[in-house]
Amino acid sequence: MSVTQLRQRSLLGLKELDKEEMLSILDRAAYWENQPEKVQAVIPGQFVANMFFENSTRTRFSFEVAEKRLGAEVLNFTAAASSVEKGESIYDTVRTLESMGIDAGVIRLKPIGVLAELAERIRVPLINAGDGNNEHPTQALLDLYTMRKQFGSLEGLTVSIIGDILHSRVARSNLWALRTLGARVMFCAPQGMQATELDAPYVTMDEALRADVVMMLRVQLERHEGGLIRSAEDYRSHYGLTVERALKIAPHAIIMHPAPVNRNVEIDDELVEHPQSRIFTQMSHGVPVRMAVIERALS
Amino acid sequence: MSVTQLRQRSLLGLKELDKEEMLSILDRAAYWENQPEKVQAVIPGQFVANMFFENSTRTRFSFEVAEKRLGAEVLNFTAAASSVEKGESIYDTVRTLESMGIDAGVIRLKPIGVLAELAERIRVPLINAGDGNNEHPTQALLDLYTMRKQFGSLEGLTVSIIGDILHSRVARSNLWALRTLGARVMFCAPQGMQATELDAPYVTMDEALRADVVMMLRVQLERHEGGLIRSAEDYRSHYGLTVERALKIAPHAIIMHPAPVNRNVEIDDELVEHPQSRIFTQMSHGVPVRMAVIERALS
Amino acid sequence: MSVTQLRQRSLLGLKELDKEEMLSILDRAAYWENQPEKVQAVIPGQFVANMFFENSTRTRFSFEVAEKRLGAEVLNFTAAASSVEKGESIYDTVRTLESMGIDAGVIRLKPIGVLAELAERIRVPLINAGDGNNEHPTQALLDLYTMRKQFGSLEGLTVSIIGDILHSRVARSNLWALRTLGARVMFCAPQGMQATELDAPYVTMDEALRADVVMMLRVQLERHEGGLIRSAEDYRSHYGLTVERALKIAPHAIIMHPAPVNRNVEIDDELVEHPQSRIFTQMSHGVPVRMAVIERALS
């Protein structure tokens, strides 16, 4: 495979992806969502390795279901707790699986910049399943898919993303993709959780709740010890989507969250399966979206 | 699927199951045990998730073999050591897998009452692979299967269950099922291991050894620190099936154990593969019994 | 299956295997390496259990790919970190999987002598994927395959194996197999890492580097605390394949390593993918070699 083909089949991020390409993935996902038979062996005998150097039950299962629905052979690699972290070890593991003949790799890792390096050195298509705080393209694609299904188009939509923007690859991938597709993104975050290098306005909670899409992020308070936010209750009272605050959301608007949810921290328990929430719907869209992404990598 | 259908396809326990239903599962298991081809894709393209919130190599593999022999696609979820334990987290994980499109879930968990709650909220059939100290229906079904195969019928059979009744879901599922099928159950246990709410007589070891089926339970001494039983040797000398005690078992009777066995604690090493032992036979029956249970859930 | 058949289908080690048998496995591996279709269901519906009582990502994946390419159903058992270690527990686990109907078992374990015992008691073919410091036959077979592919024949070849011979099953399997196939083996190791019971000459690094094949072993310094080698740097300076030392290797010779590599300890970073290195090539040969071994076990 040529380097150009490899680049076209890999999915490292949405920042560089053009509108046409994104919409073509979403269209193909819609095709897969509407297929009555669950398994269609479109890539039989092809091996896909899920290489998770950072743990994630949900994302891994979503990919696994997608791969199996396409008839692929699946290999699951999960790094033991405190094991491989350094770039060179990750490279050796990926290169090993490549040597064994895998046809594509789905990869999640923590260290920043390692994925881009891998993409230069590995000769099979790679799909980013979350890299550091950089990108999480398939999550953003399933978010886009959910919004488009709800509103028909992303053009002119307002989307507010609330929470730990600084550490969020979901926020970054969504920001870049939503821009490309003509939506308007606002961020809302306490000071220590803002990413000033990203070009989107920060608004108050009240303004954020007026958007068409209110997307809450998972907060990991252990990352912010000693900061302004001192407890889960403190976070909830300032930035959580409480039942009270949810009353301010427009009737046509939807609530989103990439999951897993910290119930009663960034979102109140009662809202997780609220009629305006699309949280579990997002998860169900993950499968057809990832089928489209894997199919693109392999066929 | 209607709520009634869902209930009929799920297998949460044997307490409520009637005789006809149990025998129909055992008959179907016999069918599967006698099939010459190992894999028959009767449920192709259907996804079964094994969700083990409590670890169990044996039970999980037994289900996995059963599922693969039926041609199902298998997803294995195992909760990391000290992770998810609370009901709400378990619900979120199961609901996530449901959103991804699984067709049935096999579930093992520790907290009491959570499975019943899940069954109210999840819309795919659930199969109980062990919940707290409540029920372990597929284990009891494979025990019943083993007894029926040995004695032709369960009607009038005497079965003694020896060990930690208090914490045993195997004892409970067997008690309820054996009753329904016309067998007589006796318990034998030291004081701190008795479950007084269960309606079965406690007998001495000598009486217990006179039964048609002598079923030993796995003892977990760490649960009883500070109790009357002070050591493995102490337990063995009072409640273990020693070589000496085994001489009192009738020639037509069989020895059973749900495994894994603590050799030389509840049962002597030499007896594990004794001609009257059915311990590994039980395990081999687990596969066709679980095939019958999964097929019932999915077809 | 008769005991003789079982022995002929199992692969416990290379010490007892004759030349004809080894070459027939290598020939069959060559057949598999050259097949254009990745998956050919030659053993459909057969269950192979990978039972790893000692962790190894690489070897396990290599077997898994091989099994899936042959169309087998795969079960992966990995013992939790500090769990089962004793022979009896290993036996119970293997016997359990046998009871569930597996057709062959791939097994890796630490305790010495347990594999031979298992082979006496288990009635399905077993394939040794590494036992203690005794043998690792499939690794040696893929090494032989790589050498034969490079040099056409093993007859008269000189092979030096450098590193911790004492604890190396790779060294032992290679020594015995290379002898049988007519190659000449030399060892090079610091004093505490020599295995005096093995019948091969110890040479200096300078002599070792003159061989046709320079095989480096993974060093685990934690096994040698308090010995003559005090640090990774110390090891590297005396026994590592440094860029400087690599200049002494003949242009026709090749560098091998069973992986995973400790970069800049036993081998310098720059040499891992050097044109004369066959490290990742070895890994890619692992798959067809293991296909040949599993096919031999099952058909």
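Residues numbered from 1 in each chain as written. Chains lettered and ligands numbered in written order. Predicted model: local features only at pLDDT ≥ 70, side-chain atom pairs only at ≥ 80, totals over all residues. Heavy atoms only, no water.

Student: Got a sec to walk through the overall build of chain A? Specific residues and values, please.
Tutor: Scanning chain A from N- to C-terminus turns up 11 helices and eight strands. At a minimum sequence separation of 6, the contacts of chain A that also span at least 24 residues come to 75%. Put simply, chain A shows about 11,500 Å² of open surface, and 48% of that area lies on carbon and sulfur atoms. (Helix = DSSP H or I, 4+ residues; strand = E, 2+ residues; numbered from the N terminus. Contact = heavy atoms within 4.5 Å. Areas by Shrake-Rupley, 256 points an atom, 1.4 Å probe, with all protein chains shown as cover.)

Student: Describe the pattern of salt bridges, with residues and values.
Tutor: As enumerated under the stated definition, the model contains 60 salt bridges over all chains in all. Here R263(A) makes a salt bridge to D92(B), at a shortest N to O gap of 2.6 Å. On the criterion of chain membership, the pair formed by R263(A) in the loop between β8 (254–256) and α11 (279–298) and D92(B) in helix α4 (residues 87–99) is interchain, its members lying in two chains. As far as burial versus exposure is concerned, R263(A) and D92(B) are alike and both buried. Note that E64(C) is salt-bridged to R60(C), the shortest N-O span being 2.3 Å. Here E64(C) pairs with R60(C), and both are found in helix α3 (residues 57–69), just four residues apart, close to one helical turn. For the pair shown, E64(C) and R60(C) are each scored as buried. (Salt bridge = Lys/Arg side-chain N within 4 Å of Asp/Glu carboxyl O. Buried < 20%, exposed > 50% of the residue type's maximum accessible area, 1.4 Å probe, protein only.)

Student: Can you explain the pairing of strand β4 (residues 126–131) of chain C? Please cite residues and give values.
Tutor: Residue and element names in this part refer to chain C. Counting buried residues in β4 gives six out of six residues, a clear majority hidden from the surface. Sheet analysis places strand β3 (residues 104–109) next to β4, joined by four bridges and oriented parallel. Counted as the bridge partner of L109 is D131 from β4. Crossover β3 to β4 through helix α5 (residues 114–121) is right-handed. (Pairing = 2+ DSSP bridges. Right-handed = clockwise from strand over helix to strand, strands pointing away.)

Student: Tell me about the sheet that holds strand β3 (residues 104–109) of chain B, and name the residues and values.
Tutor: All names here are of chain B. Judged by pairing direction, the sheet is parallel, and its four strands sit side by side in the order β2-β1-β3-β4 without closing on themselves. Looking at strand neighbours, the two that pair on one side only are β2 (73–78) and β4 (126–131), the edges of this open sheet. When strand polarity is set aside, the average angle formed by the axes of neighbouring strands in this sheet is 10°. Note that strand β1 (residues 47–52) and β3 share five bridges and pair parallel. Across the sheet, M51 pairs through a bridge with I107, a residue of β3. (Axes fitted to C-alpha atoms, helices over the stretch in contact; angles between N-to-C directions.)

Student: Run through the relation of the copies chain C and chain A, naming residues and quoting values.
Tutor: Between chain C and chain A, which share one sequence, the superposing operator has a rotation angle of 120° and an axial displacement of 0.0 Å; the RMSD is 0.0 Å. Given the turn and translation reported, the copies of this chain are related as if by a three-fold rotation axis. (Least-squares fit on C-alpha atoms with pLDDT ≥ 70 in both.)

Student: Can you tell me about the sheet that holds strand β4 (residues 126–131) of chain A, naming the residues and giving the values?
Tutor: Residues and elements named next belong to chain A. Taken in spatial order, the four strands make up an open sheet running β2-β1-β3-β4, and their pairing is parallel. Each edge of the open sheet carries a strand with a single partner, namely β2 (73–78) and β4. The mean angle between the axes of side-by-side strands here comes to 10°, regardless of whether they run parallel or antiparallel. Relative to β2, strand β1 (residues 47–52) runs parallel, the two being bridged by six bridges.

Student: Give a detailed account of the side chain of T158(B), specifying residues and quantitative values.
Tutor: Locating T158(B) in the fold gives a position in strand β5 (residues 158–162). Among residues more than four places away in sequence, those in contact with T158(B) are R184(B), M186(B), A211(B), D212(B) and V213(B).

Student: Please provide a residue-by-residue account of helix α2 (residues 19–33) of chain A, values included.
Tutor: Residue and element names in this part refer to chain A. When the terminal C-alpha atoms of α2 are compared, their 21 Å separation across 15 residues agrees well with the 21 Å that a helix rising 1.5 Å per residue should span. For α2, the set of buried residues is M22, I25, L26, A29 and W32. End-on view of α2: buried residues confined to an arc of 115°, all on one side of the axis. Taken together, the buried residues of α2 touch α3 (57–69), α6 (137–151), α7 (169–180) and α11. (Expected span 1.5 Å × (residues − 1). Arc of directions from axis to C-beta.)

Student: Explain helix α3 (residues 57–69) of chain B to me, using residue names and the numbers behind them.
Tutor: Residues and elements named next belong to chain B. End to end, α3 covers 18 Å across 13 residues, agreeing with the expected 18 Å (1.5 Å per residue, within 8%). When you tally the buried positions in α3, you get 12 out of 13 residues, the bulk of the element. The set of residues buried in α3 consists of R58, T59, R60, F61, S62, F63, E64, V65, A66, E67, K68 and R69. Just downstream of α3, G71 is the residue with a positive phi angle, here 85°.

Student: Before we move on, could you go through the interface of chain B and chain A and cite the residues and values that matter?
Tutor: Across the boundary between the two partners, chain B contributes 19 residues, which contact 18 residues of chain A. Summed over both partners, the interface of chain B with chain A buries about 1,700 Å², with 61% contributed by carbon and sulfur atoms. When the buried surface of chain B facing chain A is broken down by residue, F47(B), D92(B) and M100(B) rank first, second and third, together holding 33% of it. Counting the contacts that link chain B with chain A gives four salt bridges. Of the charged contacts in the structure, one is a salt bridge between E273(A) and R95(B), with a shortest N-O distance of 3.1 Å. Only β2 and α4 of chain B provide two or more residues apiece to the side of chain B that touches chain A. Along the lines of polarity and charge, the residues of the side of chain B that touches chain A split into seven nonpolar, six polar and six charged. (Buried area = accessible area lost by both parts, 1.4 Å probe. Nonpolar A, V, L, I, M, F, W, Y, C, P; charged D, E, K, R; others polar.)

Student: Help me get a handle on the packing of aromatic side chains, residues and values and all.
Tutor: Counted under the stated rule, the structure contains 15 aromatic pairs over all chains. Arranged with centres 5.0 Å apart and planes meeting at 75°, the rings of Y31(B) and W32(B) form a pair that is edge-to-face. With a relative accessible area of 1%, W32(B) lands in the buried category. Ring pairs connect the aromatic residues F53(A), F77(A) and F61(C), which therefore count as one cluster. Note that K15(B) overlies the ring of W176(B), its terminal NZ or CZ placed 4.4 Å from the centroid. (Phe/Tyr/Trp six-rings, centres within 6.5 Å; stacked < 30°, edge-to-face > 60°. Lys NZ or Arg CZ within 6 Å of the ring centre and 35° of its normal.)

Student: I'd like to hear about the confidence of the model for chain A, residue by residue, with values.
Tutor: Averaged over all residues, the pLDDT of chain A is 94; the fraction at 70 or higher stands at 96%. Scored by ipTM, the complex comes to 0.94, with pTM at 0.96. (pLDDT = per-residue confidence, 0-100.)

Student: Residues and numbers for unusual backbone geometry, please.
Tutor: Here the amide bond leading from A259(A) into P260(A) is cis, since omega sits at 0°, within 30 degrees of zero. With respect to the element layout, P260(A) can be found in the loop between β8 and α11. Phi at N264(B) is positive, roughly 65°, even though this residue is not glycine. Classification of N264(B) by relative accessible area gives partly exposed; the value is 38%.

Student: Quick rundown of the domain arrangement of chain A? Include the residues and the values.
Tutor: Residue and element names in this part refer to chain A. Here the domain parsing of chain A yields domain 1 (3–134 + 284–298) and domain 2 (138–282). With centres defined by C-alpha atoms, the gap from domain 1 to domain 2 works out at 25 Å. Between domain 1 and domain 2, the contact holds 32 residues from the first and 26 residues from the second. Each partner contributes to the roughly 2,400 Å² buried at the junction of domain 1 and domain 2, and carbon and sulfur atoms together form 60% of this total. Considering only the surface of domain 1 that becomes buried against domain 2, L14, L26 and H285 emerge as the three largest contributors, covering 26% of it. Put simply, domain 1 and domain 2 have four salt bridges between them. (Domains from an automatic or database assignment.)

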